[in-house]
Every structure is written in structure tokens, then in C-alpha cells.
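# Coordinate inspection notes
The chain contents come next:
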Amino acid sequence: MAFLRVCSLSDLAEDTPKRVELDGVPVSVVRTEGEVFAINDICSHANVSLSEGEVEDCMIECWLHGSSFDLRTGKPSGLPATRPVPVYPVKIEGDDVLVSVTQES
Ligand code: FES
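In this report, we go over the structure that sits alongside the text. (Residues numbered from 1 in each chain as written. Predicted model: local features only at pLDDT ≥ 70, side-chain atom pairs only at ≥ 80, totals over all residues. Heavy atoms only, no water.)

Mapped onto the fold, Ser8 is located in strand β1 (residues 4-8). The class of Ser8 is buried, set by a relative accessible area of 15%. Here the side chain of Ser8 touches Arg5 through a polar contact of 2.9 Å, side chain to side chain. (Helix = DSSP H or I, 4+ residues; strand = E, 2+ residues; numbered from the N terminus. Buried < 20%, exposed > 50% of the residue type's maximum accessible area, 1.4 Å probe, protein only. Polar contact = N/O pair within 3.5 Å; in protein donor to acceptor, adjacent residues only side chain to side chain.)

The next subject is the side chain of Ser100. Looking at where Ser100 falls in the secondary structure, it is placed in the segment after β10 (96-99). Of note is the side chain of Ser100, whose polar atom sits 3.1 Å from the backbone oxygen of Ala2. Among the polar contacts listed, one links the side chain of Ser100 to the side chain of Thr102, at a separation of 3.3 Å.

To continue, consider the pairing of strand β2 (residues 18-22). The pairing of β2 with strand β3 (residues 25-32) spans five bridges and is antiparallel. Across the sheet, Glu21 pairs through a bridge with Pro26, a residue of β3. Between the antiparallel neighbours β2 and β3 lie two residues, among them Asp23 with a positive phi of about 50°. (Pairing = 2+ DSSP bridges.)

Attention now moves to the packing of aromatic side chains. All chains considered together, the criterion is met by zero aromatic pairs. Geometry around Phe3 places Lys91 over its ring, the cationic atom sitting 4.4 Å from the centre. (Phe/Tyr/Trp six-rings, centres within 6.5 Å; stacked < 30°, edge-to-face > 60°. Lys NZ or Arg CZ within 6 Å of the ring centre and 35° of its normal.)

Looking along the chain, the bond that leaves Leu79 and enters Pro80 is cis, with omega of 10°. Phi at Asp15 takes a positive value of approximately 60°, unusual for a residue other than glycine. Given a relative accessible area of 33%, Asp15 falls into the partly exposed group. Non-glycine residue Cys58 carries a positive phi angle of around 65°.

Glancing now at the sheet that holds strand β9 (residues 90-93). In space, the three strands of this open sheet follow the order β1-β10-β9, with antiparallel pairing throughout. Of all strands in the sheet, those with a lone pairing partner are β1 and β9, marking the two edges. The sheet shows a mean angle of 30° between the axes of neighbouring strands, taken without regard to direction. Pairing analysis gives four bridges linking β1 to β10, with the strands arranged antiparallel. Within β10, the residue paired with Cys7 across the bridge is Val97. (Axes fitted to C-alpha atoms, helices over the stretch in contact; angles between N-to-C directions.)

Our focus in this paragraph is the pattern of salt bridges. Per the counting criterion, the structure on display carries five salt bridges. One salt bridge in this structure joins Arg5 and Asp96, with 2.8 Å as the shortest N-O distance. One end of the pair, Arg5, is in strand β1; the other, Asp96, is in strand β10, with 91 residues separating them in the sequence. You can call Asp96 partly exposed: its relative accessible area is 28%. When the shortest N-O distance is used, the salt bridge between Glu93 and Lys91 registers 3.7 Å. By relative accessible area, which is 44% here, Glu93 ends up partly exposed. One network of salt bridges, with partners in common, ties together Arg19, Glu21 and Asp41. (Salt bridge = Lys/Arg side-chain N within 4 Å of Asp/Glu carboxyl O.)

By themselves these figures say nothing about function.
Structure, rendered in C-alpha cells:
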């Protein structure tokens, strides 16, 4: 599993998603509740960016229709989204935030 550097930990403001692209995959990186999470940046309901939504209680809310996704599992908490969004493993090394968007083969 290849981890790629995303940014410095100090670049991530609490509860403010940061959109990055890793190997062509759009990812929203979120620092909240003392942890850093990485979730695919595209809502599973329609093609909009989750990083433009609000973060609260380890959930990110889609700004368009209001479904919230659990940053730990990617599961939606309610309609209209019914499908989960992929989440990715995160590693912190010193001040570096690393994310892997590749599956183990
Ligand atoms: S586009 Fe995200 S909930 Fe509809």
C-alpha cells in the first residue's frame, strides 16, 4: 500500500476539509476530533465535492442535499445518499500527513 504525502499537519485547520488529488483520485482530508481522516471527495448521490461541506461529530455533510457521511466508514447517515463513499488509510509521520488510495494487492 503506497502512502503519498498530502500536506503538513499544520496546514490542516480543524473541521476545514482540504481537497487534494492523489493518483487522479479526489480526496477530502479532514482534521477533526484529534484525528485526520481521508474520504473520497465525490458524494455518492451526485457529482459534487464533499470538501465544500460542513464537518461535525466525525461526519461531513454534502452541501447539495444534506446527506452526511461518516469520516471513519464512509457510510451515509441518511437520504438521499444510500451508498457509502470510499475512505482511505491515513498515516502521520512527524508533521507529514500521508494517505493511501491504493488497495493492497
Ligand atoms: S449530491 Fe450529495 S446528497 Fe445529493
